[in-house]
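Here's the letter readout for the chains.
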Amino acid sequence: MKQLSILMIVIAGLFVFGCNKSSDTPADPTGDTHTTGTHWDYTDPAGWGDLDHAYATCKDGVEQSPVDIRGFYTATGVEGVLTTSYLATPLVLTNNGHTLQVEYEAGSTITINGQSYELLQFHFHSPSEHKVDGAPYDMEAHFVHKDASGDLAVLGVFINADATADNAGLSSIFDNFPATEVSHQHVTGVEINGGDILPVDKSFFHYEGSLTTPPCTEAVSWNILKTPVSISAAQLAQFTTIVHGGNARPTQPIGARTVVNDGFTVETAGHSAAPHWDYTNPALWGDETAYATCSNGVEQSPIDIVTANTTTGTLGDISADYHDVPLVLTNNGHTLQVEYEAGSSITINGQSYDLLQFHFHNQSENTVDGTVYDMEAHFVHKNADGELAVLGLFINGDSTGDNANFTPIFDNFPTTEVSHQSVANLTVNGGDLLPVDKSYFHFDGSLTTPPCTEAVSWNVLKTPVSVSAAQLAQFTAIMSGNKRPVQPIGSRTVTNN
Ligand SMILES: [Zn+2]
Ligand SMILES: [Zn+2]
C-alpha cells in the first residue's frame, strides 16, 4: 500500500491524468499510466468517487483532505518543530491541467517532528483548499514530500493577495507559468528556492489526511503553516487566468480526527467549543452544519437488529488482546469513559485495530428484535489506516451480586465533567468485561454521537453480561438516557457470526 501511495503521488504530481497530453511528454517509468486514469475535473468533486473504481477512496475514505481547521478540532500537542532545508533548484514547471507545479531536484528536505522527508514538487491551488475557522485564503501552496519508507508529508502554505508589491520570491515562478498543458518545461537560466516562499514563523497545524485529488489516497501527513504569505493582486491573476474556475476540493468531514496545534499559539476563547448537543432531541443534531451527517447520513447507528433479516456470513471470529492499563476515567458530559493507553488490540474478521477507549450508554443504543438492554458498552478501536471499529457489549442490571470485573470502574466514575482523571493504584482490563461467547452481529454504521461520522465497523456481541442493580444505579445516578434512538437500516444487511 505504501508502494502504491508513492506511485500514486508520482502520477498525481507529474501527470495527474491529464487527458490531452502532448506527444512530447517525456519518457518516464510512470508515464504510460496517465493514459489509464479516468478524466476528472473540479466541476463535481463530490462525484470523483463514482468516476472510477480506482477513485473509490474519494467517497469511502474517512480521513480525507482538505479540512476546515476549527479551534474546536484542535488539541494543543507537542508535534515538534518543523524545519526546512530546501536547496536552490533549476526552474522546471508543469501544467497538468489541474494545477501549476514546480518540479524539484533531489536533495531538499523537510524535518517534521524529527522525521525527514524529501521534497518532490510544490504546486498551487486557488482558492485555498484548507480553511481556518471557515475562512479560505486566496491561494494555498502544497509542498509534497516523501520519506525513505514512502510515507507522504505535505506542507501547506496559505497565500493572500493583499500586498501592494509583488512577492519577489514567487515572481520568477509566476512570470513563467506555462499557459497550456506541458510536463517538466525547463526555464533556461533561472533557479528558484522553495524556502524563499515560506514565512519566518513556521508554527503549524498537523493532522492525518489524504491527497486532495483523485485517487484521494490516505495516510498523508498534513502540516499547515499558520502564517500566510502575501502576493500582489497582479500575481494572483497570473495564476487564475491560467487555472480559472478554481482548483480547490471542498473541505471534507474531520470525523474522528484531531488537528494538533504545535503549541506555538494558544487557542483563543470563542474557538474552544464544538456546537453544544445533548440527548434532549437527537433528531435535531443534524441542524448544526458541522453535524449534518446526523440527518443526511444513510448508514447511521444505532439500529434495531432484526435477527430474521440477518445473513449468515463467513465472518471470522473476534479475539481481543486487551492488556491491564492504569485506570483513567473521563466524564465528558455525554458518557463515562475508560481511556486506554496504546498497545491493546482486537482482531475482527482478520483485521487488527487498536483499542482507544470504552464507554457506556444507558439504556442500550442498539437493540435486538426490539429488545432494549439496561446498558451498552462501546469499545472504540482504530486501525493503521484510521478506520474505526466498535465492539458493542450489552449489559443487564439483573445479577444479585456485584460484577467484580466492573467494580473498579463503576466505583470510581467521576460525578462531574473531567478529562483523563487517573485513579491511583488501580488497573483495569477491558477484556475482563467481555462474555466468553464472542459471537456477534456485524454491520456498517456511524458514530452514535455528533458529528455522526460514517464508515464505522459495528460488531455487537450477542451475549449480554450482568451487573447488579446497585451497579446500574452507580451509572444512572451520574448519567441516564444517554442513548441515540435507533436509525433506519436502509439498504444495509446485518451479518451473523
Ligand atoms: Zn495540492
Ligand atoms: Zn457509544
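This is a predicted model, so every value here is computed, not measured. (Residues numbered from 1 in each chain as written. Chains lettered and ligands numbered in written order. Predicted model: local features only at pLDDT ≥ 70, side-chain atom pairs only at ≥ 80, totals over all residues.)

**Some details on the overall build of the chain**
- Along its length, the chain carries eight helices and 30 strands.
- Considering only contacts in the chain between residues 6 or more positions apart, those separated by 24 or more positions represent 71%. (Helix = DSSP H or I, 4+ residues; strand = E, 2+ residues; numbered from the N terminus. Contact = placed C-beta atoms within 7 Å.)

**Concerning the environment of alanine 161**
- Structurally, the position occupied by alanine 161 is in strand S10 (residues 152–163).
- Residue classification places alanine 161 among the partly exposed residues on the basis of 19 C-beta atoms within 10 Å.
- Separated by 70 residues in sequence, alanine 161 and isoleucine 231 place their C-alpha atoms 4.7 Å apart.
- Setting aside anything within four residues of it in sequence, one finds alanine 161 in contact with Asp138, Ile231, Ser232, Ala233, Gln235 and Leu236. (Buried ≥ 20, exposed ≤ 12 C-beta atoms within 10 Å, placed from the backbone.)

**Remarks on the nonpolar core**
- Within the largest apolar cluster, 52 residues are counted, with the highest numbers of intra-cluster contacts made by Met139, Ala141, Phe143, Val154, Val157, Ile159 and Phe205.
- With seven residues, the top contributor of residues to this core is S10.
- Filtering out sequence-adjacent residues up to four positions away, alanine 141 remains in contact with Phe122, Phe124, Val157, Ile159 and Ile197.
- Counting 51 residues, the second-largest nonpolar core is a separate cluster that includes Val62, Ile303, Val390 and Leu391. (Core = buried A, V, L, I, M, F, W, Y, C linked by C-beta atoms within 7 Å.)

**Description of the environment of alanine 56**
- Relative to the elements of secondary structure, alanine 56 occurs in the loop between helix H2 (48–51) and helix H3 (57–60).
- Distance from alanine 56 to proline 214, taken between C-alpha atoms, is 8.8 Å for residues 158 residues apart in sequence.

**Observations regarding the pairing of strand S25 (residues 388–399)**
- In this structure, strand S24 (residues 375–382) lies alongside S25, joined through eight bridges in antiparallel fashion. By the bridge assignment for S25, valine 380 is matched with valine 390.
- Looking at chain direction, S25 and strand S28 (residues 454–461) are connected through five bridges and run parallel. In the sheet register, valine 390 faces S28, and the bridge partner there is tryptophan 458.
- Bridging between S25 and strand S29 (residues 465–468) involves three bridges; their strand directions are parallel. (Pairing = 2+ DSSP bridges.)

**Some thoughts on helix H5 (residues 233–240)**
- Of all the residues in H5, the buried ones are Gln235, Leu236 and Phe239. Taken around the axis of H5, the buried residues stretch over an arc of 100°, which confines them to a single face. Every exposed residue of H5 that faces more than 90 degrees away from the buried side is listed here: Ala233 and Ala237.
- Considering only its buried residues, H5 is in contact with strand S5 (100–103), strand S7 (115–125), strand S9 (139–146), S10, helix H4 (168–174) and strand S14 (229–232). (Arc of directions from axis to C-beta.)

**Section: helix H8 (residues 469–476)**
- Restricting attention to buried positions, one finds in H8 the residues Gln471, Leu472 and Phe475. Mapping the buried residues of H8 onto a view down its axis gives an arc of 100°, with all of them on the same face.

**Focus: the environment of glycine 97**
- Along the polypeptide, glycine 97 turns up in the loop between strand S4 (89–95) and S5.
- Of the residues examined, glycine 97 has 19 C-beta atoms within 10 Å and is grouped as partly exposed.
- Each C-alpha atom, one on glycine 97 and one on isoleucine 242, is 9.4 Å from the other, the two residues being 145 residues apart in sequence.

**Digging into the confidence of the model for the chain**
- Mean pLDDT over the chain: 87, with 88% of residues reaching 70 or higher.
- Residue range residues 1–35 is modelled with pLDDT below 50. Its contacts to residues more than four positions away, or to other chains, number 59 contacts.
- Confidence drops under pLDDT 50 across residues 263–273; counting only partners more than four residues distant or on other chains, this segment forms 17 contacts. (pLDDT = per-residue confidence, 0-100.)

**With respect to unusual backbone geometry**
- Between serine 126 and proline 127 the backbone carries a cis peptide bond, its omega angle lying at -5°.
- Summarising the element assignment, proline 127 is placed in the loop between S7 and strand S8 (131–132).
- Here the amide bond leading from serine 301 into proline 302 is cis, since omega sits at 0°, within 30 degrees of zero.
- Tracing the chain through its elements places proline 302 in the loop between helix H6 (293–296) and strand S16 (304–305).
- Phi is positive for aspartate 133, which is not a glycine, with a value near 50°.
- Inspection of the secondary structure assignment puts aspartate 133 in the loop between S8 and S9.
- Looking at aspartate 133, the number of C-beta atoms within 10 Å reads 12, which means it is exposed.
- One non-glycine residue with positive phi stands out, namely cysteine 452, at about 60°.

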